[in-house]
Amino acid sequence: IDYRNLFVIYPWLMRVLSRKLAREVRRLRHHDHIHSHDMHIVISSFAVAKNITRPHGISTTIYFHQPMHYIWTLYEQYVQSFHGWKRWLYERVTPRLRRRDSKRRPYDQIYTHSIDTADQVRKLYHLHDSHIDVVHCPIDPIYFAQTVIMHPKDYFIYLGRPATLFKEVDKLIHACNSLSLNLVIVGDGPDRAYLQSIA
């Protein structure tokens, strides 16, 4: 199942995960006699994980990879990409997702992977008075150890997630096909098989 088709159950899923987390915290407190101040929750969120409700009294760190673009900044693009019942369902579910996503939750530490993402998080989640640290994603040292090719080769390169929606890599492929240009795509994603089929 393509995870992107599961967005309709995200609000329910967050409630289920929040209950499971609360149950686990209660177990740790009562059976293992661990105090709240000895527990720490770390959330790594590129979509809905930020919407997990943390148990009261436990410190929380969140690392934002990005806000939920598909219900905020890129909503119109996503709406235009859907048709029929998918579009109808998307338009009905998005307000529920926005209500849950826009609730302010207390975090003890907030990190993002870029200054741009930090600005988006401050704006969308009303965290203007919160300190946000930027910690860039690590890069494998192997990329710095390779010999740099000094002479240009006869191809273009796309480095990133091969996706049709938003990144529109399919348009890039069609353009290179029509102009008989060589294109190398480096990356993986849910649309890879389709994009390979049209290359």
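Look up a bit, the structure's there.
All values reported here derive from a predicted model rather than from experimental measurement.

> Tell me what's going on with the overall build of the protein chain, and back it up with residues and numbers.
Scanning the protein chain for helices and strands turns up seven helices and six strands. The linear arrangement of helices and strands in the protein chain, starting from the amino end, is α-β-β-α-α-β-α-β-α-β-α-β-α. The principal-axis extent of the C-alpha atoms belonging to the protein chain is close to 65 × 50 × 35 Å. Classification of the 199 residues of the protein chain by burial places 32% in the buried group. The long-range fraction of contacts in the protein chain, counting pairs at least 24 apart against all pairs at least 6 apart in sequence, stands at 58%.

> Please set out the environment of Thr117 residue by residue, giving values where relevant.
Position of Thr117 relative to the elements: it lies in helix α4 (residues 115–124). Residues in contact with Thr117, not counting those within four places in the same chain, are Phe64, His65, Gln66, Pro67 and Thr112. A distance of 2.9 Å separates a polar atom in the side chain of Thr117 from a polar atom in the side chain of Ser114.

> I'd like a rundown of unusual backbone geometry, residues and numbers included.
Notably, His126 is not glycine yet its phi reads approximately 55°, a positive angle. At Glu168, a position not held by glycine, the phi torsion is positive, near 50°.

> Could you give an account of the sheet that holds strand β4 (residues 132–134), with specific residues and numbers?
Here we have four strands laid out as an open sheet, ordered β1-β2-β3-β4, and parallel in their pairing. Here the strands that pair on one side only, and so sit at the sheet edges, are β1 (40–45) and β4. Here the average twist between neighbouring strands, direction ignored, is 20°. Lying on the sheet, α4 is in contact with β2 (59–64), β3 (109–112) and β4; it crosses β4 at an angle near 160°.

> I'd like a description of the nonpolar core, backed by residues and values.
If you look at soluble globular proteins, the nonpolar side chains tend to sit buried side by side. Counting residues in hydrophobic clusters, the biggest one holds 17 residues, and the most contacted among them are Val48, Tyr70 and Tyr90. Every element with two or more residues in this core is listed here: α1 (10–30), α2 (75–81) and α3 (84–101). Filtering out sequence-adjacent residues up to four positions away, Val48 remains in contact with Tyr10, Met14, Met68 and Tyr70.

> Report on the side chain of Gln120, specifying residues and quantitative values.
Counting through the fold element by element, Gln120 comes out in helix α4. Among the polar contacts made by the side chain of Gln120, one reaches the side chain of Asp116 at a distance of 2.9 Å. The residues touching Gln120, leaving out its near neighbours within four places in the chain, are Pro67 and His69.

> Describe α1, with residues and values.
Taking 1.5 Å as the rise per residue, α1 with 21 residues should run 30 Å; its terminal C-alpha atoms sit 30 Å apart, in good agreement. Along α1, the residues classified as buried are Tyr10, Pro11, Met14, Val16, Ser18, Val25 and Leu28. Turning to α1, the residues buried within the fold contact α3.

Conventions adopted
Residues numbered from 1 in each chain as written. Predicted model: local features only at pLDDT ≥ 70, side-chain atom pairs only at ≥ 80, totals over all residues. Heavy atoms only, no water. Helix = DSSP H or I, 4+ residues; strand = E, 2+ residues; numbered from the N terminus. Buried < 20%, exposed > 50% of the residue type's maximum accessible area, 1.4 Å probe, protein only. Contact = heavy atoms within 4.5 Å. Polar contact = N/O pair within 3.5 Å; in protein donor to acceptor, adjacent residues only side chain to side chain. Pairing = 2+ DSSP bridges. Axes fitted to C-alpha atoms, helices over the stretch in contact; angles between N-to-C directions. Core = buried A, V, L, I, M, F, W, Y, C linked by side-chain atoms within 4.5 Å. Expected span 1.5 Å × (residues − 1).

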